[in-house]
Structure formats: C-alpha cells, structure tokens
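# Residue-level structure breakdown
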Amino acid sequence: MAHLTISKIITRSAVSKYATRLYPFVKREPYKNTRGHIANEINLCIFCSLCQKKCPTHAITVKKPDKIWEIDRMKCIQCGACVDACPKKCLSMDQQYSAPSPVKSIESFHQEASTL
Ligand code: SF4
Ligand code: SF4
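Let us look at the structure shown here. (Residues numbered from 1 in each chain as written. Chains lettered and ligands numbered in written order. Predicted model: local features only at pLDDT ≥ 70, side-chain atom pairs only at ≥ 80, totals over all residues. Heavy atoms only, no water.)

This paragraph deals with the overall build of the protein chain. Scanning the protein chain from N- to C-terminus turns up three helices and five strands. Overall, the protein chain shows an N-to-C arrangement of helices and strands of α-β-α-β-β-α-β-β. Against the 2.2 N^0.38 benchmark of 13 Å for 116 residues, the protein chain shows a C-alpha radius of gyration of 21 Å, more extended than a compact globule. Expressed as lengths along the three principal axes of its C-alpha atoms, the size of the protein chain is roughly 75 × 25 × 25 Å. Taking all 116 residues of the protein chain together, the buried fraction comes to 25%. Positive and negative charge centroids in the protein chain, built from 18 and 9 side chains respectively, lie 10 Å apart. (Helix = DSSP H or I, 4+ residues; strand = E, 2+ residues; numbered from the N terminus. Rg over C-alpha atoms; globule rule 2.2 N^0.38 Å. Buried < 20%, exposed > 50% of the residue type's maximum accessible area, 1.4 Å probe, protein only. Lys, Arg positive; Asp, Glu negative; His and termini not counted. Charge placed at Lys NZ, Arg CZ, Asp CG, Glu CD.)

If you want it as structure tokens, here you go:
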C-alpha cells in the first residue's frame, strides 16, 4: 500500500510543473502592498536628511551640497520609515524587488540644477 502511494507521488512530481521559478528571469506578480524597494522622485527632494535620520539601518546618505541622495540596497530592510518621514513625499515603496547582485553597491540619485 505504501509502495503504491509513493509511486503516485513520484509520478505526480515527474509530470507536474516546477514549484519554484527561475528568478530573476521569471518574476511573479507582486502581492498588494509588497515591499520591493525604495524609489525616490529626486527632483522633489529638498535634501533635508530626515529620511537619513529616521533610517534604522543607516542605509541612506544625503549629500546636500552635491544634491545627491544615496541608498545602500543591501542595508535597507524595507521598513518604510523613510517614506513616512519625508516631508516632500518624494520617497515611495515600489513593489518590484531590487535585482539580486553578488557585489555591494550604493545606488545614487543626483538632482540636476534647475534651469528655471
Ligand atoms: S526626507 Fe525626503 S526630502 Fe528630505 S532628504 Fe529624504 S528624500 Fe529628500
Ligand atoms: S525602508 Fe527603512 S531601512 Fe530602507 S532606507 Fe527606508 S528607513 Fe532605511
């Protein structure tokens, strides 16, 4: 009896689809409210550094004189504290995950000088 059950399981496993996906080549649709990665609409940023102060993992660096906002994706835990703290609402939680990487990298956003 047990032999029959095991045979059924083996047959079902052999013909069924894979239970996993070949991420990152095959991505699943994010769930509602998925915390993917922090996005910054950099042209709205006033470089007040509130996000940097609120970040519990020190993932954000704000360089006001150079108008540069940086995030270390590997330090970010997607808590959303920076999004809540931003007075200009330029930070948001995007649903897509950051691409996996074998090396640590800092993502930099640079605000261009206004032409007005
Ligand atoms: S809190 Fe918002 S406006 Fe202030 S530096 Fe961070 S992203 Fe820019
Ligand atoms: S989501 Fe949290 S951990 Fe990530 S940058 Fe914002 S405050 Fe820091």
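Turning to the site of ligand 2, a few remarks are in order. Surveying the vicinity of ligand 2 reveals 13 residues, the closest of which are C55, C76, C79, G80 and C82. For the shell around ligand 2, a count of residues per class yields ten nonpolar, three polar and no charged. (Near = heavy atom within 4 Å. Nonpolar A, V, L, I, M, F, W, Y, C, P; charged D, E, K, R; others polar.)

This part covers the packing of aromatic side chains. All told, the structure shown has one aromatic pair when counted by the stated rule. Judged by centre distance (5.4 Å) and plane angle (75°), the rings of W69 and F109 are edge-to-face. Of this pair, W69 sits in strand β3 (residues 68-72) while F109 sits in strand β5 (residues 106-110), and the two are 40 residues apart along the sequence. In this structure F109 comes out as buried when scored by relative accessible area, which is 16%. (Phe/Tyr/Trp six-rings, centres within 6.5 Å; stacked < 30°, edge-to-face > 60°.)

Counting 17 residues, the largest nonpolar core has I38, C51, I60, W69, I71 and L91 as its most contacted members. The contact partners of I71, leaving out residues within four places of it in the chain, are I38, A59, I60, C76, S105, I106, E107 and F109. (Core = buried A, V, L, I, M, F, W, Y, C linked by side-chain atoms within 4.5 Å. Contact = heavy atoms within 4.5 Å.)

In this structure the tally under the stated criterion is two salt bridges. Two residues, K63 and E70, come together in a salt bridge whose shortest N-O distance is 3.2 Å. Under the relative-accessibility criterion, E70 is labelled buried at 14%. E107 is the partner of R73 in a salt bridge, and the nearest nitrogen-oxygen pair spans 2.9 Å. Taken together, the residues R73 in the loop between β3 and α3 (81-85) and E107 in strand β5 connect sequence positions 34 residues apart. Classification of E107 by relative accessible area gives partly exposed; the value is 35%. (Salt bridge = Lys/Arg side-chain N within 4 Å of Asp/Glu carboxyl O.)

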